[in-house]
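Take a look at the letters that make up each chain.
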Amino acid sequence: MAVTSTVSVTAAPARKNRRKMSKKKAPRTADDHPDTEMDGEQTSAEGSSKQPTTESPNNVQDDDELMIDTDVVPTLPDSFAPAFPPVSASAERTALKSETRRIPIPPHRMSPLKKDWISIFGPLTEMLGLQVRMNVQRKSVEVRTSKHTKEVGALQKGADFVKAFALGFDVNDSIALLRLDDLYLDSFEIKDVKTLHGDHLSRAIGRIAGQDGKTKFTIENASRTRIILADTKIHILGSFQNIKIARDAIVSLILGSPPGKVYAGLRTVSSRMRQRAL
């Protein structure tokens, strides 16, 4: 019985001491609350950093797969590239499909076309290697490439040649389109320059043509071009620079400039052209 009593006596003051220790703690205020939370987070972070980290081998493999390979990929030598023999010229001709171009002919040019047909299809077949035929029902000339065609732009040259003849140019002047590469066709109307009606339009056409075609011939000789005056439409055949000179002279006549003033400008231009030629 004595032993039990001594145990109870010694146990009682120990509980009182715990209560006293809890009472002695200072109460928390509103200002101290966030600081204490930050301190707790810092201490927890320090504790977690002190603990040794162990990663599983699976995570390590995933990290290695996500790493970017910065090493330069070796290129294959030239010996590994496939080498094909060059394609023969005959194979290229057979691979290309034959192209056809149809050039319409005005009704008033059908008779000259029939008259000069030998002079027209001869250069097309001999110089360009094209196949040509006249379609009387459709009033057109059909041009087609063949196995004898050598140049890529032969079809376009042939079409320009026939179109120049259809516009009214002479056969000998049109053949120059086949022999020279820097010749072009330019067409415009009087109404594109100035809107004229009635007698004003007739006088403008008369100023361009001149008496017995004198003004037109003078412009052709000075600018080294060929001009066709078909009613209100004007067609010019020549190089790019010469076409510009002839067009400027014709525009001046349409706007009302006297022929004498245009002649003086053409003399100046022709003298400059001669100096450049020298």
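Under an unreviewed UniProt entry, the name given to the protein chain is Pre-rRNA-processing protein PNO1, and the source organism is Bondarzewia mesenterica. We quote the UniProt Subcellular location (unreviewed entry) comment for the protein chain here in full: "Nucleus, Nucleolus".

*Asks:* Please set out the overall build of the protein chain residue by residue, giving values where relevant.
*Replies:* The number of helices and strands found in the protein chain is 13 helices and six strands. Across the protein chain, every contact between residues at least 6 apart in sequence was considered, and the portion connecting residues at least 24 apart equals 58%. Accessible surface, the protein chain: about 20800 Å² in total, of which carbon and sulfur atoms supply 54%.

*Asks:* I'd like to hear about helix H11 (residues 214–223), residue by residue, with values.
*Replies:* Taken residue by residue, H11 has Thr215, Lys216, Ile219, Glu220, Ala222 and Ser223 as its buried positions. Following H11 by one or two positions, Arg224 adopts a phi angle in the positive range, close to 55°.

*Asks:* So, the side chain of Asp186: which residues are in play, and what are the values?
*Replies:* Positionally, Asp186 belongs in strand E4 (residues 184–189). Of the polar contacts made by the side chain of Asp186, one reaches the side chain of Arg247; its length is 2.8 Å. Discounting chain neighbours no more than four positions away, the residues touching Asp186 are Ile234, His235, Ile236, Ile243 and Arg247.

*Asks:* I'd love a proper account of the packing of helix H12 (residues 240–254) against helix H13 (residues 259–277), names of residues and values included.
*Replies:* The relative placement of two packed helices is expressed as an angle between their axes plus a distance between the axes. Here H12 crosses H13 at 165°, and the two axes come no closer than 9 Å. Here H13 runs roughly antiparallel to H12, going by the angle between their axes. As for the relative orientation of H12 and H13, their crossing is right-handed in sense. The segment H12 lies against H13, with Gln241, Asn242, Ile245, Ala249, Ser252 and Leu253 engaging Pro259, Val262, Leu266, Val269, Met273 and Arg276.

*Asks:* Talk me through the sheet that holds E4; I want residue IDs and the actual numbers.
*Replies:* Strands sit in the order E4-E6-E5 across an open sheet of three strands; the sheet is antiparallel. Strands at the two margins of the open sheet, each flanked by one partner only, are E4 and strand E5 (226–230). Between one strand axis and the next, the sheet turns by 15° as a mean value, whatever way the strands run. Looking at chain direction, E5 and strand E6 (residues 233–238) are connected through five bridges and run antiparallel. Opposite Ala230, over in E6, you have Lys233 as the bridge partner.

*Asks:* Let's hear about unusual backbone geometry: which residues, and what values?
*Replies:* Positive phi values are uncommon outside glycine, yet Lys139 reaches one of about 55°. Looking at where Lys139 falls in the secondary structure, it is placed in the loop between strand E2 (131–135) and strand E3 (140–144). Residue classification places Lys139 among the partly exposed residues on the basis of a relative accessible area of 39%. Its identity as a non-glycine residue notwithstanding, Arg224 has a phi of 55°, on the positive side. With respect to the helices, strands and loops of the structure, Arg224 is situated in the loop between H11 and E5.

*Asks:* Provide a residue-level description of the side chain of Thr215, including the pertinent values.
*Replies:* Structurally, Thr215 can be placed in helix H11. Apart from the residues within four sequence positions on either side, Thr215 is in contact with Arg207, Ile208, Ala209, Gly210, Leu253 and Tyr263.

*Asks:* Please give an account of the pattern of salt bridges that cites residues and values.
*Replies:* On inspection of all chains with the given rule, the structure shows nine salt bridges. A salt bridge links Glu151 to Lys157, with the nearest nitrogen and oxygen atoms 3.6 Å apart. For Glu151, a relative accessible area of 45% corresponds to the partly exposed category. Of the charged contacts, one joins Lys157 and Asp181 as a salt bridge, the two residues approaching to 3.0 Å between their closest N and O atoms. Placement of the pair is Lys157 in helix H7 (residues 154–167) and Asp181 in the loop between helix H8 (171–179) and E4, with a sequence separation of 24 residues. You can call Asp181 exposed: its relative accessible area is 60%. Each of Arg102, Arg133 and Glu142 takes part in salt bridges that share partners, so that together they form one network.

Reading guide: rules and limits
Residues numbered from 1 in each chain as written. Predicted model: local features only at pLDDT ≥ 70, side-chain atom pairs only at ≥ 80, totals over all residues. Heavy atoms only, no water. UniProt positions renumbered as here; feature names shortened; annotations may be inferred. Helix = DSSP H or I, 4+ residues; strand = E, 2+ residues; numbered from the N terminus. Contact = heavy atoms within 4.5 Å. Areas by Shrake-Rupley, 256 points an atom, 1.4 Å probe, with all protein chains shown as cover. Buried < 20%, exposed > 50% of the residue type's maximum accessible area, 1.4 Å probe, protein only. Polar contact = N/O pair within 3.5 Å; in protein donor to acceptor, adjacent residues only side chain to side chain. Axes fitted to C-alpha atoms, helices over the stretch in contact; angles between N-to-C directions. Parallel < 35°, antiparallel > 145°, perpendicular 65-115°, else oblique. Left-handed = near helix turned anticlockwise from the far one by under 90°. Pairing = 2+ DSSP bridges. Salt bridge = Lys/Arg side-chain N within 4 Å of Asp/Glu carboxyl O.

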